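A closer look at the structure
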Amino acid sequence: MSTLIRPPPIDAAQSAIENTLELTQLSDIDPDLFTNRRPLWHPPGARGIYGGAAIAQTLSAAQKTVEPEFTVHSMHCYFVLAGNSEIPIIYHVERVRSGKSFATRTVQARQRGKVIFTTTISFARQHSAGDKALEHAVEMPNAPGPIEGKDDLDYGGASTGPFQSQRIEILNNDSPHPHTKKTRQWIKARGTISPAGGHEAHLAALAYMSDSYFIGTIARVHKLWRYAAVRKSKTKSSIDEDVLKKLLAMEDEDLKRVKFLDQHDLERIRKLKNGEHEEPKEPKQEIGMMVSLDHTIYFHDPRGFRADEWMFTEMETPWSGDGRGLVFQKLFSNDGRLIATCVQEGVVRLRQDPDPAKSKL
C-alpha cells in the first residue's frame, strides 16, 4: 500500500504538482505528523522515489508549523535510504526553535520505522531586517527562451508529469574540461497553481523541480553513456533494455526532445538503429551508480516568483572524485531575477570491469 489513507479524487481546482505533493496531517496521533496523500513517483532506473518529492513534502510539512509571517530561506537535506514508492512515508516535524526573527524546524521522513530522509529548515520573518538592506545578485545569463509546444518528452514519447521542462544545448559542450560546461533548462509547474495554495505551494513546487537531474549534470558534462542494452546488475543503476527499445523505436525529431538525452547519446542511439556495433578503440565509460547524498536550497526571493511560470536553471560541477561529485544550480524567474541557489553532492561511480581473479574463484 503506497499511502496510509486511501487517496481522494484528484482536485481539479489544484495544479498537478499540488495534487502530487498533498499531505494528510495525522492530528489525531500528533499535530506534527504528516503522510503522503498520493503515491510517489519512482523514476525508471532509479533506486527509489524521486528525491524531489521528499524535499518538497518535508518543506510542505514544516511550512504548516510556522506562523504565516515566516518564510523559508534555506533547507539542508540528506538522503539516507532509498524511498520505496509502495510504502507510505511518515513525516515528523520537530519544532526546534521559534524566535522573533527566525524559526528552525527539522523534519524526518520515515518508512517502516527507518529514517530515509532528513532536513533542517530555517524560516525568516518577513521584513525583519528593516527598511535598509544590502542587496546584490548575479544576473541571468543570455539564453534562448522556451518555445511553445517543444517540451521535453519522457521515454514513452509524451510530455507528462507534474512539471514541464525544455532543455537548452549544454554551454561549452566541446570543451575538454567538464568543470567549464553548464547544463541549462527551462522548467515550470504544469497548469496553474491555485490561489489557495499560496506562496507555500510555489515554494514546494520549486523544491520538487530543483532535483530534476541535478547530480546527473556530472554524467552529462562527462558525456557518459547511461543506457544499457542488457541489464548488468540488480541495482537499477542504469536505464534498462526496455527503455532502450522505446528510444530505438522513436523518430529522430522526438528523440531530440527526450529528457536528458544529449548529443552524444543521440549519436550512439542512431548508430544502434543503423545496426552499427563496432568495438570502440577504448572501452566506453558507463555510470555504475549515481545517487544523491545531500541537497541544499537557498531561497532568495521566496514570495516574489511563480513556479507555474517558466524559470531558467543553470547547473555546473566544480569537482568530482573518489566516487562522488558536486553540482551547483542557479534558478532565475522568467524576468531574470535570481530566486534560488542549490547545491548537491552525490555518489557517482563508474561501472567497473570484472576482476579476472575473482571470476576464477
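If you're wondering where the values come from, they're calculated on a predicted model, not measured in any experiment. (Residues numbered from 1 in each chain as written. Predicted model: local features only at pLDDT ≥ 70, side-chain atom pairs only at ≥ 80, totals over all residues. Heavy atoms only, no water.)

**Remarks on the packing of aromatic side chains**
Put simply, the test is: Stacked, tilted and edge-to-face are the three classes assigned to paired rings of Phe, Tyr and Trp, where Trp is represented by its six-membered ring and a pair needs centres within 6.5 Å; plane angles under 30 degrees give stacked, over 60 edge-to-face, the rest tilted. Helix numbers and strand numbers start at the N terminus; a helix is a DSSP run of H or I with at least 4 residues, a strand a run of E with at least 2. Accessibility here uses a 1.4 Å probe with only protein chains present; expressed as a share of the type maximum, an area under 20% marks a residue as buried, one over 50% as exposed, and anything in between as partly exposed.
Following the criterion strictly, the structure yields 6 aromatic pairs and no others. Here Phe79 and Phe117 contribute two aromatic rings whose centre-to-centre distance is 5.2 Å and whose plane-to-plane angle is 65 degrees, an arrangement assigned as edge-to-face. Of this pair, Phe79 sits in strand S3 (residues 70-79) while Phe117 sits in strand S6 (residues 114-125); the two residues are 38 residues apart in sequence, bridging distant segments of the chain. Neither Phe79 nor Phe117 differs from the other in exposure class; each is buried. Three or more aromatic residues joined by ring pairs form one cluster here, namely Trp41, Tyr50, Phe163 and Tyr208.

**Let's talk about the side chain of Ser74**
Put simply, the rule is: In this description, contact between two residues means that some pair of their heavy atoms is separated by no more than 4.5 Å.
Relative to the assigned elements, Ser74 resides in strand S3. Judged by its relative accessible area of 6%, Ser74 falls in the buried class. With residues up to four places along the chain from it excluded, the contact list for Ser74 reads Thr120, Ile121, Ser122, Ile297, Tyr298 and Phe299.

**Observations regarding the packing of helix H2 (residues 51-63) against helix H3 (residues 198-209)**
Our working definition: Throughout, an axis means a line fitted to C-alpha atoms (over the contacting stretch in the case of helices), and angles, computed between N-to-C directions, take values from 0 to 180 degrees. Any angle that falls under 35 degrees is termed roughly parallel, while one over 145 is termed roughly antiparallel, one within 65 to 115 roughly perpendicular, and all others oblique. Each crossing gets its handedness from the near helix: less than a right angle anticlockwise from the far helix is left-handed, clockwise is right-handed.
One can describe the packing of H2 onto H3 by two numbers: an axis separation of 7 Å at closest approach and a directional angle of 155 degrees. Relative to H3, the element H2 is oriented roughly antiparallel. The crossing of H2 and H3 is right-handed. Along its contact with H2, which presents Gly52, Ala53, Ile55, Ala56, Leu59, Ser60 and Gln63, the element H3 presents Glu200, Leu203, Ala204, Ala207 and Tyr208.

**A few points about the pattern of salt bridges**
Stated precisely, the cut-off is as follows: By definition, a salt bridge exists where a carboxyl oxygen of Asp or Glu is found within 4 Å of a side-chain nitrogen of Lys or Arg.
Within the structure shown, the criterion is met by 13 salt bridges. One salt bridge connects Arg95 with Asp32, and the closest N-O pair in it is separated by 2.7 Å. Taken together, the residues span a long stretch of sequence, with Arg95 in strand S4 (residues 90-98) and Asp32 in the loop between strand S1 (23-25) and strand S2 (33-36) at a distance of 63 residues. Judged by relative accessible area, Arg95 falls into the partly exposed class, the value being 44%. For Asp32, a relative accessible area of 13% puts it in the buried group. In this structure, the salt-bridge partner of Arg324 is Asp322, at a minimum N-O distance of 3.4 Å. Through salt bridges that share partners, Glu22, Arg37 and Arg38 make up one connected network.

**A closer look at the pairing of strand S8 (residues 182-189)**
The condition that has to hold: Strand pairing is assigned whenever DSSP identifies at least 2 bridges connecting the two strands.
The element S8 is extensively covered by neighbouring structure, given that 7 of its 8 residues are classed as buried. Of the strand pairs in this sheet, S8 and strand S10 (residues 311-321) are connected by 5 bridges, and their pairing is antiparallel. Of the residues in S10, the one forming a bridge with Thr183 is Met315.

**Brief notes about the sheet that holds strand S12 (residues 338-350)**
Pairing is antiparallel in the open sheet, where 12 strands are placed in the order S1-S2-S4-S5-S6-S3-S9-S12-S11-S10-S8-S7. On the outer flanks of this sheet lie S1 and strand S7 (163-171), each paired with one strand and no other. Adjacent strand axes in the sheet meet at a mean angle of 25 degrees, parallel and antiparallel pairs treated alike. As paired elements, strand S5 (residues 102-111) and S6 share 10 bridges and run antiparallel to each other. Across the sheet, residue Gln111 finds its bridge partner in S6, namely Lys114. Sheet strands in contact with H3 are S3, S7, S8, strand S9 (287-299), S10, strand S11 (324-332) and S12, and its direction is about 150 degrees off that of S9.

**Overview of the nonpolar core**
Selection criterion: Working definition of a nonpolar core: buried Ala, Val, Leu, Ile, Met, Phe, Trp, Tyr and Cys residues. They are joined through side-chain atoms within 4.5 Å.
Membership of the largest hydrophobic core comes to 60 residues, with the highest contact counts inside it found for Tyr91, Leu206, Tyr208, Met209 and Ile297. Considering each element in turn, this core owes the most residues, 8 residues, to H3. Contacts of Leu206, omitting those with residues within four sequence positions, involve Ile297, Phe299, Phe305, Ala307, Met311, Leu331, Ile339 and Ala340. Met250, Leu261, Leu266 and Ile269 belong to the second largest nonpolar core, which has 10 residues in total.

**Quick notes on the state of the cysteines**
In plain terms, the rule: Cysteine sulfur atoms are paired as a disulfide whenever they come within 2.5 Å of each other.
Applying the stated criterion across every chain, the model contains 0 disulfides. For the unlinked cysteine Cys77, the closest cysteine sulfur is that of Cys342, found at 9.6 Å. Classification of Cys77 by relative accessible area gives buried; the value is 1%. With relative accessibility at 0%, the residue Cys342 sits in the buried group.

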